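# Close look at the chain arrangement
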Amino acid sequence: MFVTGGLKSLLPHVLRRIIRCNRLSISNTSGMAEGYKQANVVILHKSLADDFEKFCHANAGPLPLLYRSKPGDWKCPSLSSDSDIRTDCLQYRIYEHGACTGTLKSLKEYSEQLKDMVTFYLGCSFSFEKAVQNAGIPVRNVEQKCNVSMYKTAVPCYSISTFCCNLVVTMRPIPESKLEAAVLATSELEEAHGAPIHVGDPGLLGIQDLSKPDYGDPVRLDPGDIPVFWACGVTGVEAVINCRAPLAFTHSPGCMFITDLKNDNVTVRSSREVPQVHCISQDPLHYSIVSTEAAQKIKNLETLIGIDPGDRGIIHLHRQDELLKACLSISHARSVLITTGFPTHFTYEPPEENDGPPGALAVAAILQALEKEVAIVTDQRAMNLNKKIIEEAVQLGILKRPVPLLSYQRESADSALMFLCENGNPGRPRFDHLVAIERAGMAADGNYYNARKVNIKHLVDPIDEVFLAAQTIPGVATTGVGDGGNELGMGKVKDAVKKHIKNGDVIACDVEADFTIVAGVSNWGGYAIACALYILSTCEIHDRYLRKAVGFPQISKKTGWLSALPSVTKEEKLLKTLVRHGVRSGKTASLEMEVDGLPFYNTHSVMIEKLL
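Residues numbered from 1 in each chain as written. Predicted model: local features only at pLDDT ≥ 70, side-chain atom pairs only at ≥ 80, totals over all residues. Heavy atoms only, no water.

Heads up, the rule is: UniProt positions are given in the numbering used here, feature names are shortened, and annotations may be inferred rather than shown by experiment.
In the nomenclature of an unreviewed UniProt entry, the protein corresponds to D-glutamate cyclase, mitochondrial from the organism Alca torda. UniProt's Function (unreviewed entry) comment on the protein is quoted here verbatim: "D-glutamate cyclase that converts D-glutamate to 5-oxo-D-proline."

### Looking at helix H1 (residues 12-20)
Let me state the cut-off plainly: The buried label goes to any residue with under 20% of its type's maximum accessible area, the exposed label to any with over 50%, and the partly exposed label to all in between, with areas taken from a 1.4 Å probe on protein chains only. The way it works is that DSSP assigns letters per residue, a run of H or I at least four long becomes a helix, a run of E at least two long becomes a strand, and they are numbered from the N terminus. Taking the helix axis as origin, the arc is that swept by the directions to the C-beta atoms.
Pro12, Leu15, Arg16, Ile18 and Ile19 are the residues of H1 that are buried. Around the axis of H1, the buried residues are gathered within 160° of arc, so they sit on the same side. Of the residues one or two after H1, Asn22 is the one with positive phi, at around 60°.

### Considering helix H2 (residues 46-58)
To be explicit about the condition: One less than the residue count of a helix, multiplied by 1.5 Å, gives the span that helix is expected to have. We call two residues contacting when some pair of their heavy atoms lies within 4.5 Å.
An ideal rise of 1.5 Å per residue puts 18 Å on 13 residues; H2 measures up with 19 Å between its terminal C-alpha atoms. On the buried face of H2, the contacting elements are strand E1 (36-45), strand E2 (65-68), strand E5 (117-123) and helix H7 (235-243).

### Regarding the domain arrangement of the protein
Test applied: All domain edges in this entry derive from an automatic or database-based domain assignment. The term buried area denotes the loss of accessible surface (1.4 Å probe radius) that occurs when two parts are joined, taken as the sum for both partners.
For the protein, the domain assignment lists domain 1 (7-271) and domain 2 (273-609). With centres defined by C-alpha atoms, the gap from domain 1 to domain 2 works out at 44 Å. Domain 1 puts 32 residues into the contact, and the matching count from domain 2 is 18 residues. Buried area between domain 1 and domain 2, both sides added, is near 2100 Å², and the carbon and sulfur share of it is 64%.

### Side note on the nonpolar core
Quick note on the threshold: In plain words, nonpolar cores are sets of buried Ala, Val, Leu, Ile, Met, Phe, Trp, Tyr and Cys residues tied together by side-chain atoms within 4.5 Å.
Counting 84 residues, the largest nonpolar core has Ile338, Ile366 and Ile529 as the members making the most contacts within it. For this core, the element with the most residues is helix H16 (residues 522-537), which contributes eleven residues. Counting residues domain by domain, this core receives three or more from each of domain 1 (7-271) and domain 2 (273-609). The contacts of Ile338, once residues within four sequence positions are left out, are Ala360, Val363, Ala364, Leu367, Val374, Ala375, Ile376, Val377 and Val435. Formed by 45 residues, the second largest nonpolar core is a distinct cluster that contains Val148, Ile160, Phe163 and Met256.

### Comments concerning the pattern of salt bridges
We apply this condition: Put simply, a salt bridge is a Lys or Arg side-chain nitrogen that is within 4 Å of an Asp or Glu carboxyl oxygen.
Within the structure shown, the criterion is met by 27 salt bridges. Ionic pairing is found between Glu129 and Arg172, a salt bridge with its closest N-O pair at 3.4 Å. Of this pair, Glu129 sits in helix H4 (residues 129-134) while Arg172 sits in strand E7 (residues 166-175), and the two are 43 residues apart along the sequence. Linking Arg580 and Glu392 is a salt bridge whose minimum nitrogen-to-oxygen distance equals 2.9 Å. Remark: Glu392 occurs in helix H11 (residues 383-395) and Arg580 occurs in helix H19 (residues 568-580); sequence separation between them is 188 residues. Using a relative accessible area of 55% as the deciding quantity, one classes Arg580 as exposed. Exposure remark for Glu392: the relative accessible area of 19% places this residue in the buried category. Each of Arg140, Glu143, Asp222 and Asp225 takes part in one network of salt bridges that share partners.

Structure, rendered in C-alpha cells:
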C-alpha cells in the first residue's frame, strides 16, 4: 500500500496507475498531483447526455465542462494519455432511479451498460489548491489532512429538462487578510470553478451548520478565518439524483479523476478587471466582490457629488467609499424601503422642499428596472401629495409602475418592529435595505430641526424609529443621504456636523445609518446611487457573484437598466411637477434659476450630465 507522503509530487499518469491497482490508503485526492487539474465525473445514459451538457453550460460555475466522451468511450484523450474511467477514480457511486445504491472501486463489472453511457468530466476546486498556496494562503483541509467540506445550499441552479437541483459548494477557511488574494488566485481559473460565489455567513446560502457538511469532512476554522465558498462539481451529483435516471455513476465526492493538464491556461484579465473584496455587513458577516474598474467609477461618482455648491463645509462629513459599500449592499438586497421628505418650509402648505423626492424616485426607478421590490414610506400628512407625484412620475416615464406608498405611526413600543417584519418576527423582515434621502433626522434632544435651527417636529412622523429598529435586525442594512448633517442617517458623522456645520451643535441628526452618503445636494446622492447600481449590474465580476455563478449573465437587460437612469429631461419634468404641487426649493436662491417661470436647481442638471 502507498501512503500519502510523496503523492503531491507524483505525475498524474503514475497516480492513475496506482489508483487503478487499488494500492492507495487515502480517502480523497486533495493535494495530490499538485498543479494538475482534477475532475468530477458524471456518467449518464446517452439519451440524457445532450440535456446534461446544456445544464452544464447553463451553470458553468459549478459545472465547468472539461470533456464529454462519446458513448462507450472509456478514455478522454484531450485530458489524459492512458486513462480508463472505469478504474481511475479512487471510488465511485452508483445511482439507480435517484438513490445511491452503493460505492465501488471499479466500474468494470458494468462495462456492458457503459457502452450506452456518456462520461462528463467537470472541473474541480482541488485544481486551484496549489495556486492558492502559491499566493501564501493556507489550505486548511490539506493542513488538517482531510477532505474538503461540501454543502447543499438553498440556491437553485438553472434548470434544463429533467436536470434541476440546488447549488453545492465547497468551503475553505481563509484568513481575513488573505481574502482578496484568494479571490484573485482563483478568479483566473475558470475551469476550476473560478472565484468564490460567497464570502461570509453560511446562513446566507441556507447552510445551517458548518460542522455538518453534506459531503466530505468538517474543516476547522482557525482564529481570524472567514468561511469562503466556491461552486462545486458535486452539484452534478445532485442533478443526477433529481433526474432519477434508471442507472448513473459518479465519482465519490473528493475522489477525483486526475488529468494530465496543468493549471496554466488561466483567464488573462486586465488591471481594470481585477476583483476587489469589500465587507458590506458584520451581522450577518457578508463580503461582496466587484471589479477594480467598476469600483473606481463609483469612487469617482462619490467625489463628484461631494462638491459643495453652498460652501457649507460638507467636505468634513465625507467618509470614503460609503457610496460603493452602500450600493454593493443594495445590489444584494431583495426589497428596499425608501424615505424622503424635509418640511423645511414650515409656514407653507405643503412644507416640503424639492430636494429629496427626485433623488428618491431615481433610486426607485433603477430598483424597479433591476426587478427588486421597492416601497416608499413618508409622513401621513404628505401621503396624498406623494401619491400624486408618484402617479405623475409613472405618466412621465420616470417610473415603470407606481411605487407602494406607506406611512408609519408609533402606536406601541414594538410598532417599528411590526412595520419592518412580518408579525414582528426579526427572522422575517419585509425589507433588507432602508434608504433615507434628504429626510429630516431626529437630533439628540428628540426634536427635528431645519438648517436655521427651527424645530419642525410637529411636521415629521417618527420614521427614525424604523431605522433604529433595523439596527437590531440581522440582515437589514441602512443608508442615509444628506447634505447638511440634519438628515436621517447622518448620526454616523454627527461629531463632524457639530464641529464644522453652522448650527450643527443643535441640528445634528443623532440617528446613524450603516452607510452615510454626503453630497452637495441630496438629490445628487440619489442620482449617484442609481448610477452606481447600474455600474454594478453591468460589472461581470459582480454579476457572477450576485447570481452565485449559476444561470446566465444578466447583461442582456442592460438597455432596460439604462433607460431607468436619471436624465436632465426627466429631472426637469419632475421638478416642474413638484412646483405645480406647491413644493418649493429648500436651498439658497443663488442655486436657483427659472425655467418657464418655475424655479429649480440648475446645478442638478449639470450634475446629471457629469454623472452620466
